[in-house]
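Coordinates in review
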Amino acid sequence: MTARPAGSTTTLPGLLLGKSSDAWGDERERSVMLEAYAYVFVLATIVLWTAAAVIAWFVPWWVTLVLFLALIIPSMEWQRYCKARDVDANLLAYGGSSWLRATLIGVYFGVCAISMTVAVLTEIGRGNSVTGGLIGGVLGMIGAVTGARWAARRKAQRLLNDDDAQ
C-alpha cells in the first residue's frame, strides 16, 4: 500500500487543511498557523467537554453517549494522523516538561467524564446493564491515560539515555 502525499486533496486531512494552498504562507506564517490550530483545538476541546458535562444532566442518556463519542473521535484522529506520519503523539503530549499541563487537562476531562457518567447513571438507574459498561469505560479511560503517560515518560527517558550514550 502506497502512502498518499500529506497535501493530497483526496484525503480528509488534505481537504480540510488545504496544505498546497497559498493561505499557508512562508515557514514562519505556517508555524504560527499550526500553533493557532493547536491552541484552538485545545480551547474548543475544553469548552466542549465542559458543555457536555453540564448538558448531560438535562438530556436523555443516549444523547450524552453520542456527545462522549463525538468528543473522543477528534483525539483518536489526532493520534492516528500523527502515527501515520511517524510522530509519537503520546511522547509529545505526555512526555517531558508538559507533564503538568497534561495532568491538569487529563484530570479536568476525567472530572467531566465522571459528571457525564453520573448523569447517565442517575437517569437509567443502577440496576441497568449499561451501568457496568459506563463504570468500566471510565476506569478504562483512566487506565489508558495513565498507561500512555507512563509509556511516554519511559520512552522519553530511553531517548535521553540513548543521546547520553552517543
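About the criteria used
Residues numbered from 1 in each chain as written. Predicted model: local features only at pLDDT ≥ 70, side-chain atom pairs only at ≥ 80, totals over all residues. Heavy atoms only, no water. Helix = DSSP H or I, 4+ residues; strand = E, 2+ residues; numbered from the N terminus. Buried < 20%, exposed > 50% of the residue type's maximum accessible area, 1.4 Å probe, protein only. Areas by Shrake-Rupley, 256 points an atom, 1.4 Å probe, with all protein chains shown as cover. Axes fitted to C-alpha atoms, helices over the stretch in contact; angles between N-to-C directions. Parallel < 35°, antiparallel > 145°, perpendicular 65-115°, else oblique. Left-handed = near helix turned anticlockwise from the far one by under 90°. Contact = heavy atoms within 4.5 Å. Nonpolar A, V, L, I, M, F, W, Y, C, P; charged D, E, K, R; others polar. Expected span 1.5 Å × (residues − 1). Core = buried A, V, L, I, M, F, W, Y, C linked by side-chain atoms within 4.5 Å. pLDDT = per-residue confidence, 0-100. Phe/Tyr/Trp six-rings, centres within 6.5 Å; stacked < 30°, edge-to-face > 60°. Lys NZ or Arg CZ within 6 Å of the ring centre and 35° of its normal.

**Some details on the overall build of the protein chain**
- Each helix and strand counted, the protein chain has 6 helices and 0 strands in total.
- Along its sequence from the N terminus, the protein chain presents helices and strands in the succession α-α-α-α-α-α.
- Taken over 166 residues, the protein chain has a buried fraction of 23%.
- Element-wise, carbon and sulfur atoms account for 68% of the exposed surface of the protein chain, whose accessible area totals about 11,600 Å².

**Overview of unusual backbone geometry**
- Its identity is not glycine, yet D86 carries a phi of approximately 60°, on the positive side.
- For D86, the location among the structural elements is in the loop between α3 (61-84) and α4 (89-94).
- By relative accessible area, D86 is classed as exposed at 75%.

**Regarding the packing of helix α2 (residues 27-55) against α3**
- One can describe the packing of α2 onto α3 by two numbers: an axis separation of 10 Å at closest approach and a directional angle of 165°. In terms of orientation, α2 lies roughly antiparallel with respect to α3. In this structure, α2 crosses over α3, and the sense of that crossing is left-handed. Contacts between α2 and α3 involve F41, L48, W49, A52 and I55 from the former and L67, F68, L71, I72, P74 and S75 from the latter.
- Of the residues contributing to the contact of α2 with α3, the split by class is 10 nonpolar, 1 polar and no charged.

**Structural notes on α3**
- Relative to the 34 Å expected for 24 residues at 1.5 Å per residue, α3 spans 35 Å between its end C-alpha atoms, a close match to the ideal helical length.
- Looking at α3, one finds that the buried residues are T64, L71, Y81 and C82.
- Just downstream of α3 lies D86, where phi reads positive at about 60°.

**Quick look at the nonpolar core**
- Grouped together as the largest cluster of nonpolar side chains are 10 residues: W49, A52, A53, A56, L71, F109, C112, A113, M116 and A119.
- Counting only elements with at least two residues in this core, the list comes to α2 and α5 (99-124).
- With 5 residues, α5 is the single largest residue contributor to this core.

**With respect to the environment of G106**
- If you trace the backbone, G106 turns up in helix α5.
- Since its relative accessible area comes to 30%, G106 is described here as partly exposed.
- Taking the C-alpha atoms as reference, G106 lies 9.4 Å from T146; in sequence the two are 40 residues apart.

**Some thoughts on the confidence of the model for the protein chain**
- Taken over all residues, the pLDDT of the protein chain has a mean of 77, while the share at 70 or more is 74%.
- Taken as a whole, residues 1-5 scores under 50 in pLDDT and shows 2 contacts with residues more than four places along the chain or in a different chain.

**Quick notes on α2**
- Along its 29 residues, α2 runs 41 Å from first to last C-alpha, staying within 8% of the 42 Å computed at 1.5 Å per residue.
- Restricting attention to buried positions, one finds in α2 the residues T45, W49, A52 and A53.

**Section: the packing of aromatic side chains**
- This model, assessed by the stated rule, comprises 3 aromatic pairs.
- Above the ring of Y81, the side-chain terminus of R85 is found at 3.6 Å from the ring centroid.

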